[in-house]
Amino acid sequence: MSALFAIARKDLRQRLRDKSAFVLFLLAPIVVAGLMGLAFSNINLHAKVGVVDLDGGPAAAGLSQVLGSPELSDTVTLRGYPTAEAARSAVDAGDIDAAVVVPAGFTAALAGGGTPPSPTVLDDVDHALAAQLVRGVTESYVAQINADRLSVQTALAAGVPAASTTELAARAAQLHAPERIEARGLTDDPLKTVSYFAPGMGIFFVFFMVGFGARSYFTEQQQGTLDRISAAPIGSGTVLLGKSLSTFVYSLVSLGTVTTVSWLVFGARWADPFGVAVLCAAMAVAVVCLTTLVTVLARTERQAEGIASIIVFALALLGGNFVYASASPPALRRLALFTPNGWALRGFTDLGTGIGGWSAVAAPLAGIAVFSAATAVLTLVLLRLRRPA
Amino acid sequence: MTDSSNDGELLECAGLVRRFGERTAVDGVSFEIAPGETYGLIGPNGAGKTTTIRMVCGLLHADEGSVRIAGQTVSTAADPAKKLIGYVPQDIALYPDLTVRENLRFFGRLYRLRGRALERRVDAVLDLVDLTERARDRVDSLSGGMRRRLNIGAALVHSPSLLVLDEPTVGVDPQSRHAILGSVHRFGEEGMAVLYTTHYMEEAERLCDRIGIIDHGRMIAEGTQRELVATVAERDRVLLTASGELAKYVSECRLLDRVDRVDVGGDHGDTVQILVRDARSLLPELLDLAHRVDVRIRGVEIVEPDLEAVFLHLTGTALRE
Ligand SMILES: Nc1ncnc2c1ncn2[C@@H]1O[C@H](COP(=O)(O)OP(=O)(O)O)[C@@H](O)[C@H]1O
Ligand SMILES: [Mg+2]
């Protein structure tokens, strides 16, 4: 046990003394998260949204009403356009951030009980967040009306005279402009960019620890200190465990510092510090598991470096460290669930939109645990297969 | 320690075999070292010295045979027997980004030393390797010679009973080499057993109580220096620094009476080594032969029986760098 701590302590000391590690794991994530926060902060505050009403019926008017409602007035400014083309060019010209086009026959379809053609959202890559917002509002509006339609049909089945159903449906479409809109990022505390990108960058840079940690093993092998350690009366697993402990501590310190600094300095907000701490610790465990896997997988320092960078970039891209997860296509969002960082960022998104406690972190924690366990099992299998010579 | 086979020996290696694929690097090596004894394992490069030492230290498992220290078996597992061994690798194996003291502390902690006891041992080792003044300096700021000394010191923190050094003087300047040989000599005098490998015969002659000669993985002779030299029975070594058709000269020499062994060696491969009885009377004949096969002799030296003569006698080959 004391040998394990001696190895962990020695590794930590070496890492603290290494200026490039300091820059990579503490300075860089803070600086990048800060810059991203500054660069994107104004998008959060306000979105200019165009509306094209090709329908002209009450259902379309209801959507405009919702988007123009007082509860969204801080976030959304509405502007009407006669045609989809006009709205498109306004988006392209940057006059507005996004536009919603309500197709002709929208009200009629809703009233007639057919499947309504859904409104299209025109977006722009530079203002993904605005488009996301409009999409959220529109989707929940349509969902609300559909729910109302369902109740009309239920009423029908229960014996309401068929003659009055058209009227009922029209009423439903007209009156029930949803009272509460629930779109992601639109609760009392809208998700701030920095609340997402600070942990995103923190995790991305902490992933570099995988290559760092694995390389330190091969450095020891090369400089002969690993032989020296092996000549002492300690178990063969002790070296890996000691190194893992130092990787864990350093990852945790790195993530802890990044989140604390972005909270204090850049105004990142999460519902619950406990949740943040739990997610950081879980990610540190995932980093340890990945590091051990790469160490066992590689034969040389070169290989370790190569494997680590492939894993790091694949995970960071899939998990959404560079883009808002909610702004990425659904297929990518599904792939993010295979990554620990994807889960962690989900947790941070929930925490950032005011959801606190276990309801924000339970699922991410489980996701990260499954990933870490799978990695650990793979590592153990590889260790079994490669009995030392 | 109740083992009866342990009749006062500290280290017992019995029938060690180690193969790497097709190649047998160590082929049935056995030797013993008594407490306080300095044992030299000598042989040319590739003879199997490092492989033997790695098995002794439990860094490599033996395909056959066993290593016992103070009656306890040494294996690659985490066994307590390893506590009795101090291993000095051939190349410097230290953390360049840590200080001298931090390095020593770390290696001490691996052997469960801690607190005051650890600090006391670290101070003692610093004194022993003459680095007290540099204790706070990072290793990468030390000179080559200092690093060599610290490399040895790092194996001494836990007070081993057996110090194992793998060619500690290779690539070392003469002054540091002198210092290293001096300290190894002192360890021996202080009662520590030493296993010392080298391919420099004169180091073994100077340091070792007993010597084992290893070649192609086999132990080909063992004994005190005096015993080993006696096996060449009064044969001298004639060293001719020469140029020309050396191969032809060597084969002609081998036909002469009284010539035991002939081979080409030396640092530049330009020295013909001839092992002969009564070298002085044979010398004119050797020079005459050189003249006849057009070999130019630039220097002649006659060396009294020594370990190199033993090696030449046993293997027929001269040691080369
Ligand atoms: N890990 C290894 N894999 C394959 N061959 C090895 C390995 N280690 C040593 N050898 C071979 O075993 C022989 C003995 O090597 P070694 O013990 O290093 O000799 P020495 O230390 O006397 O110079 C050499 O032929 C060397 O090439
Ligand atoms: Mg060697």
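Every value quoted in this text rests on a predicted model; they were computed, and no experiment measured them.

**A short note on a nonpolar patch on the surface**
All names here are of chain A.
No. 1: Judged by side-chain polarity, F22, V23, L27, V31 and L35 come together as a nonpolar surface patch covering roughly 440 Å² of accessible area.
No. 2: Checked against the element boundaries, V23 lands in helix α2 (residues 19-45).
No. 3: With a relative accessible area of 42%, V23 lands in the partly exposed category.

**Brief notes about the site of ligand 1**
Residue and element names in this part refer to chain B.
No. 1: Lining the immediate surroundings of ligand 1 are F20, R23, A25, P44, N45, G46, A47, G48, K49, T50 and T51.
No. 2: Contact between ligand 1 and R23: an oxygen atom at 3.0 Å from a side-chain N or O atom of the residue.
No. 3: One of the backbone nitrogen or oxygen atoms of G48 is found 3.0 Å away from an oxygen atom of ligand 1.
No. 4: Its free accessible area being 560 Å², ligand 1 has 62% of it covered by the protein chains.
No. 5: Of all the elements in the fold, those that place two or more residues in the shell around ligand 1 are β2 (23-33) and α1 (49-56).
No. 6: Considered class by class, the residues forming the shell around ligand 1 number four nonpolar, five polar and two charged.

**A few points about the interface of chain A and chain B**
No. 1: Facing the 23 residues of chain A at the interface are 34 residues of chain B.
No. 2: Interface area for chain A against chain B, summed over the two sides, is near 2500 Å², with a carbon-plus-sulfur share of 56%.
No. 3: Between A:D227 and B:R54 there is a salt bridge whose closest N-O contact spans 2.6 Å.
No. 4: The interface formed by chain A and chain B includes 11 residue pairs in polar contact (both at pLDDT 80 or more).
No. 5: Counting residues per element, the ones that place at least two in the side of chain A that touches chain B are α1 (2-17), α8 (193-223) and α9 (225-231) of chain A.
No. 6: With nine residues, the single largest contributor to the side of chain A that touches chain B is α1(A).
No. 7: In terms of residue class, the side of chain A that touches chain B is built from nine nonpolar, seven polar and seven charged.

**Observations concerning the domain arrangement of chain B**
You'll often see interface size given as the accessible area lost when the parts meet.
No. 1: Per the domain assignment, the segments of chain B are domain 1 (4-230) and domain 2 (235-304).
No. 2: With centres defined by C-alpha atoms, the gap from domain 1 of chain B to domain 2 of chain B works out at 37 Å.

**Looking at the nonpolar core**
No. 1: Counting 143 residues, the largest nonpolar core has B:L11, B:F31, B:L104, B:L110, B:L162 and B:L195 as its most contacted members.
No. 2: Of all the elements, α8(A) adds the most residues to this core, at 16 residues.
No. 3: Residues contacting B:L110, with those up to four places away along its chain left out, are A:A3, A:I7, A:I229, A:A232, A:P233 and A:I234.
No. 4: Listed in part, the 24 residues of the second largest apolar core include A:A47, A:A59, A:V76 and A:F106.

**Here's the deal with the pattern of salt bridges**
No. 1: Within this structure, the stated rule accounts for 28 salt bridges over all chains.
No. 2: For B:R105, the salt bridge goes to B:E119, with nearest N and O atoms at 2.8 Å. Residue B:R105 is located in helix α2 (residues 100-109), and its partner B:E119 is located in helix α3 (residues 115-128); the two are separated by 14 residues in the primary sequence.
No. 3: What makes B:R105 partly exposed here is its relative accessible area of 23%.
No. 4: For B:E119, a relative accessible area of 25% translates into the label partly exposed.
No. 5: B:E222 is paired through a salt bridge with B:R210; the nearest N and O atoms lie 3.9 Å apart. Of this pair, B:E222 sits in strand β10 (residues 218-223) while B:R210 sits in strand β9 (residues 210-215), placing them 12 residues apart in sequence.
No. 6: What you see here is one network of salt bridges that share partners, running through A:K10, A:D11, A:R15, A:E220 and A:K243.

**Some points on the state of the cysteines**
No. 1: On inspection of all chains with the given rule, the structure shows zero disulfides over all chains.
No. 2: In this structure B:C57 is a free cysteine whose sulfur lies 9.7 Å from that of B:C13, the closest cysteine sulfur available.

**A look at the packing of aromatic side chains**
No. 1: Taken as a whole and assessed by the stated rule, the structure comprises 13 aromatic pairs over all chains.
No. 2: When the ring of A:Y196 is compared with that of A:F197, the centres are 5.4 Å apart and the planes differ by 90°; the resulting orientation is edge-to-face.
No. 3: We classify A:Y196 as buried; its relative accessible area is 1%.
No. 4: Note on A:F197: relative accessible area 4%, which makes it buried.
No. 5: With centroids separated by 5.8 Å and ring planes inclined at 65°, the aromatic side chains of A:F204 and A:F313 adopt a geometry described as edge-to-face. Separated by 109 residues along the polypeptide, A:F204 in helix α8 and A:F313 in helix α12 (residues 301-319) bring together distant segments of the chain.
No. 6: Judged by relative accessible area, which is 7%, A:F204 ranks as buried.
No. 7: Looking at A:F313, the relative accessible area reads 38%, which means it is partly exposed.
No. 8: Here the basic side chain of A:K10 rests over the ring of B:F106, its NZ or CZ set 5.4 Å away from the ring centre.
No. 9: Over the ring of A:Y250 we find A:R15; its NZ or CZ atom is 5.9 Å from the centre of that ring.

About the cut-offs
Residues numbered from 1 in each chain as written. Chains lettered and ligands numbered in written order. Predicted model: local features only at pLDDT ≥ 70, side-chain atom pairs only at ≥ 80, totals over all residues. Heavy atoms only, no water. Patch = residues over 30% accessible without salt bridge, like charges linked within 9 Å, V, L, I, M, F, W, Y side chains within 5 Å. Areas by Shrake-Rupley, 256 points an atom, 1.4 Å probe, with all protein chains shown as cover. Salt bridge = Lys/Arg side-chain N within 4 Å of Asp/Glu carboxyl O. Helix = DSSP H or I, 4+ residues; strand = E, 2+ residues; numbered from the N terminus. Buried < 20%, exposed > 50% of the residue type's maximum accessible area, 1.4 Å probe, protein only. Near = heavy atom within 4 Å. Polar contact = N/O pair within 3.5 Å; in protein donor to acceptor, adjacent residues only side chain to side chain. Nonpolar A, V, L, I, M, F, W, Y, C, P; charged D, E, K, R; others polar. Contact = heavy atoms within 4.5 Å. Buried area = accessible area lost by both parts, 1.4 Å probe. Domains from an automatic or database assignment. Core = buried A, V, L, I, M, F, W, Y, C linked by side-chain atoms within 4.5 Å. Disulfide = S-S within 2.5 Å. Phe/Tyr/Trp six-rings, centres within 6.5 Å; stacked < 30°, edge-to-face > 60°. Lys NZ or Arg CZ within 6 Å of the ring centre and 35° of its normal.

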